[in-house]
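Summary of the model geometry
So you can see what is in the structure, the chains are spelled out below.
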Amino acid sequence: MISEVNVIADKERTKSRSGGGVGNVWLRASREKQGEPPLTRARIVDAAVALLDDEGMGRLTMRRLAERLQVGATTLYWHVATKDDVVDLAVDAIFGETQVPDRHADSPREDIATLVDGWRKAMLRHPWAATLPARQRPLMGPNFLAWMEFLQSALVRAGVTGKRLHAATWALYNHVMGATAAQSSLQLSAEETRLGQEYLENRRERYPTVAANNYIADDDWDANFSLGLEFLLDGIEAGSRP
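The rules behind these values
- The residue numbering used here restarts from 1 in each chain and proceeds along that chain's sequence as written.
- Side-chain atom pairs in this predicted model are given and counted only at pLDDT of 80 or more, local residue features only at pLDDT of at least 70, and totals for whole chains, interfaces and linings cover all residues.
- In computing side-chain values, all of the structure's heavy atoms are included and hydrogens and water are not.
- Throughout, nonpolar core names a set of buried Ala, Val, Leu, Ile, Met, Phe, Trp, Tyr and Cys residues whose side chains join them through atoms within 4.5 Å.
- Here the term buried applies to any residue with accessible area under 20% of the maximum for its type, exposed to any over 50%, and partly exposed to those in between, with areas from a 1.4 Å probe on protein chains only.
- Per the annotation, domain bounds derive from an automatic or database assignment of domains.
- Two residues qualify as a contact provided that any one of their heavy atoms is within 4.5 Å of a heavy atom in the partner residue.
- UniProt positions are given in the numbering used here, feature names are shortened, and annotations may be inferred rather than shown by experiment.
- Strands are runs of DSSP state E lasting at least two residues, helices are runs of H or I lasting at least four, and both sets are numbered from the N terminus onward.
- The angle between two axes is taken between their N-to-C directions and runs from 0 to 180 degrees, where each axis is a line fitted to C-alpha atoms and a helix contributes only its stretch in contact.
- Here the word oblique covers every angle except those under 35 degrees (roughly parallel), over 145 (roughly antiparallel) and from 65 to 115 (roughly perpendicular).
- Helix crossings get a hand from a simple test, with the near helix turned counterclockwise from the far one by less than a right angle marking a left-handed crossing and a clockwise turn marking a right-handed one.
- Under this grouping Gly is polar, as are all residues other than the nonpolar Ala, Val, Leu, Ile, Met, Phe, Trp, Tyr, Cys and Pro and the charged Asp, Glu, Lys and Arg.
- Salt bridges are defined as contacts in which a side-chain nitrogen from Lys or Arg sits within 4 Å of a carboxyl oxygen from Asp or Glu.
- What the arc describes is the spread of directions from the helix axis to the C-beta atoms.
- In this scheme Phe, Tyr and Trp rings, the latter by its six-membered ring, pair at centre separations within 6.5 Å, and the angle between planes marks the pair as stacked below 30 degrees, edge-to-face above 60, and tilted otherwise.

A separate point is the nonpolar core. The tendency in soluble globular proteins is for nonpolar side chains to be buried as a group. Ranked by internal contacts, the top residues of the largest apolar core, which has 52 residues, are Leu 65, Trp 119, Met 123, Leu 155 and Leu 172. Two domains each provide a minimum of three residues to this core, namely domain 1 (37–81) and domain 2 (99–239). Discounting residues that sit within four places of it in the chain, Leu 155 has contacts with Ile 112, Val 160, Leu 165, Ala 168, Thr 169, Leu 172 and Ile 236.

UniProt's entry tags residues 61–80 with the feature "DNA-binding region" (unreviewed entry), counted in the numbering of this structure. Helix makes up 75% of residues 61–80 and strand 0%, and the two end C-alpha atoms of the span are 12 Å apart.

Let us look at the packing of helix H2 (residues 41–55) against helix H3 (residues 62–69). At a minimum axis distance of 10 Å, the contact between H2 and H3 shows a crossing angle of 110 degrees. Between H2 and H3, the crossing angle belongs to the class labelled roughly perpendicular. In this structure, H2 crosses over H3, and the sense of that crossing is right-handed. Residues Arg 43, Ile 44, Ala 47, Ala 48, Ala 50, Leu 51, Asp 54 and Glu 55 of H2 form the contact with H3, whose participating residues are Arg 64, Leu 65, Arg 68 and Leu 69. Taken together, the residues of the contact of H2 with H3 break down into seven nonpolar, no polar and five charged.

Right, let's talk about the pattern of salt bridges for a bit. One pass over the structure, following the stated rule, counts 15 salt bridges. Linking Arg 109 and Glu 237 is a salt bridge whose minimum nitrogen-to-oxygen distance equals 3.2 Å. With Arg 109 in helix H6 (residues 108–125) and Glu 237 in helix H12 (residues 221–240), the pair connects residues that are 128 residues apart, well separated along the chain. In this structure, Glu 198 and Arg 194 form a salt bridge, with 3.2 Å as the shortest nitrogen-oxygen distance. Placement of the pair is Glu 198 and Arg 194 together in helix H10 (residues 190–201), with a separation of four residues, close to one helical turn. Judged by relative accessible area, which is 42%, Arg 194 ranks as partly exposed. The structure contains a network of salt bridges with shared partners spanning Asp 54, Glu 55, Arg 59, Arg 64 and Arg 68.

Here we come to the packing of H2 against helix H5 (residues 83–95). Any two packed helices are characterised by the angle at which their axes cross and by the distance between the axes. One way to put it is that H2 packs onto H5 with a least axis distance of 9 Å and a crossing angle of 85 degrees. With respect to their mutual orientation, H2 and H5 come out roughly perpendicular. For the pair H2 and H5, the contacting residues are Arg 41, Val 45, Ala 48, Val 49 and Leu 52 in the first and Val 86, Leu 89, Ala 90 and Ala 93 in the second. When its residues are assigned to classes, the contact of H2 with H5 shows eight nonpolar, no polar and one charged.

What follows covers H3. Those residues of H3 that fall on the buried side of the exposure criterion are Met 62, Leu 65, Ala 66 and Leu 69. End-on, the buried residues of H3 take up no more than an arc of 100 degrees, which puts them together on one face. Across from the buried face of H3, at angles greater than 90 degrees, the exposed residues are Arg 63 and Glu 67. Positioned one or two residues after H3, Gln 70 has a phi angle of 60 degrees, which is positive.

It is worth spelling out the packing of aromatic side chains at this point. Summed over all chains, the structure comprises seven aromatic pairs. Residues Trp 119 and Phe 144 carry aromatic rings whose centres are separated by 6.1 Å and whose planes lie at 80 degrees to one another, so their mutual orientation is edge-to-face. With Trp 119 in helix H6 and Phe 144 in helix H8 (residues 142–157), this residue pair connects regions lying 25 residues apart in the sequence. For Trp 119, a relative accessible area of 3% corresponds to the buried category. The exposure class assigned to Phe 144 is buried, which follows from its relative accessible area of 7%. For the ring pair Trp 170 and Tyr 173, a centre distance of 5.1 Å and an interplane angle of 70 degrees mean the geometry is edge-to-face. Taken as a pair, Trp 170 and Tyr 173 lie in helix H9 (residues 162–185) at a separation of three residues, close to a single helical turn.

Structure follows, in structure tokens:
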């Protein structure tokens, strides 16, 4: 059984390297059969999200996912060629949990703030997604693209086009992902916070501003995110003026 799985996986990797295959799961035709087979892509995605929520990215393997689904690994490989496929599908499923607004508000700024806030909440519900390493390929899932369409159309309505549109998009993307990754990963105990502040106090002459402004003790994630977003939106508005 293991050798058969390896052969299938090797074939997929070879196809991708030789140009005979496509590396992005969204750009390949689905292998779903007609008549609802026992294992479907939807079932795989649900199980993958549950596994990632329960155990984190470090515990996700194709074998563990197959065990959770109570199928053989060979069956799983029929639907998803690699673990990267599984991660791409799981990330897109997160974006599908919250509906993109079906209409725009009068203010593009309100649209952007609403979307970005929903994005952050989605990432915080699934902390593993916020701590993924730098993407090696763009997110192309239908749910993510619906979010991106709403965001960029709001930016265009605000007068942000061309290079500024891409820069504004990435600034907002990085704000969400950076803030949620930090919040998901940085969990200091009260004792660690106390010792950290004490460390800075003992070096106040060298780091006077950092020590005076409670750098270590500041854990008001919501306020910091909201204020950071305001700074970004103010800058985007200023940059879009003629």
